[in-house]
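Architecture at a glance
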Amino acid sequence: MHAPVYQKMLFEFYALVNLCRISLDRLRDYLGPFIKKGSDQLPKSVRDVLKGSSDCPVYTALKDQEIAQYLFDLRDCLVHYRTLAVSHNATVVREGVDLAELELDRRQFVAATARGSFREVGDTGISVNVLLPDRIFDVSQKDKLIDFTYQDRRNLLSVARSFGVVTVTSLVKAIGCLAQLEEPAYEFKAKPRGEPH
């Protein structure tokens, strides 16, 4: 169907993903002064910080958030491997229809990252859900995309909200550190090179 609004929604979601990631990377600016031995030892990427070890409560809480890891994976996928780009026409399939039967995935290099599905609501309406992949990368090979599945039904709107919550919560905690601490109080140790994730 012709749906420019679908294209706009995916563009806005892409912007949200990138802004959340940038905001989490910038935690370093707030927390760096409170890391012992100076802030220059904190990596610029929050993902690299979380690969190391720290007793900073902001990073500890973030490390335990599955949605944060999903944010990092999705962002890396969208920036380096696949986009959310769609034309003004959207393919939205009735819930329960096997996409393999429709041969929409014949050419994986053009397969969409997000999937639209609909169901009828009452006699005159439809409800459209936009789903994101269950997982992005092969666990054993972090830079290898897997074949996307959508069994967990990760709804784009719910995921967007969760990305916002984890980002804002982390920033509020970091600002709380600014209000409470006056000198370095936390340790950070980078992950040794060559050690698995």
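Residue indices begin from 1 for each chain and proceed along its sequence in written order. Local features in a predicted model are, by the rule used here, given only for residues with pLDDT of at least 70; side-chain atom pairs are given and counted only at 80 or more, and totals for whole chains, interfaces and linings are based on all residues. Calculation of side-chain values draws on the structure's entire complement of heavy atoms; hydrogens and water are dropped beforehand.

**A word on the pattern of salt bridges**
What counts, and what does not: Any carboxyl oxygen of Asp or Glu that lies within 4 Å of a side-chain nitrogen of Lys or Arg is treated as forming a salt bridge with it. To qualify as a helix, a DSSP run of H or I must reach at least 4 residues; to qualify as a strand, a run of E must reach at least 2; elements of each kind are numbered from the N terminus. Summary of the burial criterion: residues with accessible area below 20% of their type's maximum are buried, those above 50% are exposed, and those between are partly exposed, where the area comes from a 1.4 Å probe applied to protein chains only.
For the coordinates displayed, the defined rule picks out 9 salt bridges. Between Asp76 and Arg21 there is a salt bridge, and its shortest N-O distance comes to 3.8 Å. You can see Asp76 sitting in helix 5 (residues 66–80) and its partner Arg21 sitting in helix 1 (residues 4–25), a full 55 residues away along the chain. Arg21 carries the same exposure label as Asp76, and that label is buried. Linked by salt bridges that have partners in common, Arg21, Asp25, Arg47, Asp73, Arg75 and Asp76 make up one network.

**Quick word on the sheet that holds strand 3 (residues 115–121)**
Short version of the rule: The rule for pairing is simple: two strands pair if DSSP sees at least two bridges between them. Should any heavy atoms of two residues lie within 4.5 Å, those residues are considered in contact. Under this scheme, a helix contributes an axis fitted over its contacting stretch, all axes are lines through C-alpha atoms, and angles between N-to-C directions fall in the 0 to 180 degree range.
What the 4 strands build is an open sheet, ordered 2-3-4-5; its pairing is mixed. The open sheet has two edge strands with one neighbour each: strand 2 (92–94) and strand 5 (154–155). Where strand 3 meets strand 4 (residues 125–132), 7 bridges bridge the pair, whose relative direction is antiparallel. By the bridge assignment, Glu120 is partnered in strand 4 with Ile126. The strands touched by helix 1 within the sheet are strand 3 and strand 4, with strand 4 carrying the most contacts at an inclination of about 35°.

**Quick notes on the packing of helix 1 against helix 7 (residues 156–180)**
Packed helices, taken two at a time, are described by the angle between their axes plus the distance between the axes. The condition that has to hold: Throughout, the term roughly parallel applies to angles under 35 degrees, roughly antiparallel to angles over 145, roughly perpendicular to angles from 65 to 115, and oblique to all others. What makes a crossing left-handed is the near helix being turned counterclockwise from the far one by less than a right angle; a clockwise turn instead makes it right-handed. For this classification, Asp, Glu, Lys and Arg are treated as charged, while Ala, Val, Leu, Ile, Met, Phe, Trp, Tyr, Cys and Pro are nonpolar and the rest, including Gly, are polar.
Axis separation between helix 1 and helix 7 bottoms out at 10 Å; the angle between their running directions is 20°. Between helix 1 and helix 7, the interaxial angle falls into the category roughly parallel. Of the two possible hands of crossing, helix 1 and helix 7 adopt the one that is left-handed. Facing helix 1, whose interface residues are Met9, Leu10, Phe13, Leu16, Val17, Cys20, Ser23 and Leu24, helix 7 presents Leu156, Val159, Ala160, Phe163, Gly164, Val166, Thr167, Ser170 and Leu171. Looking at side-chain class alone, the contact of helix 1 with helix 7 contains 13 nonpolar, 4 polar and no charged residues.

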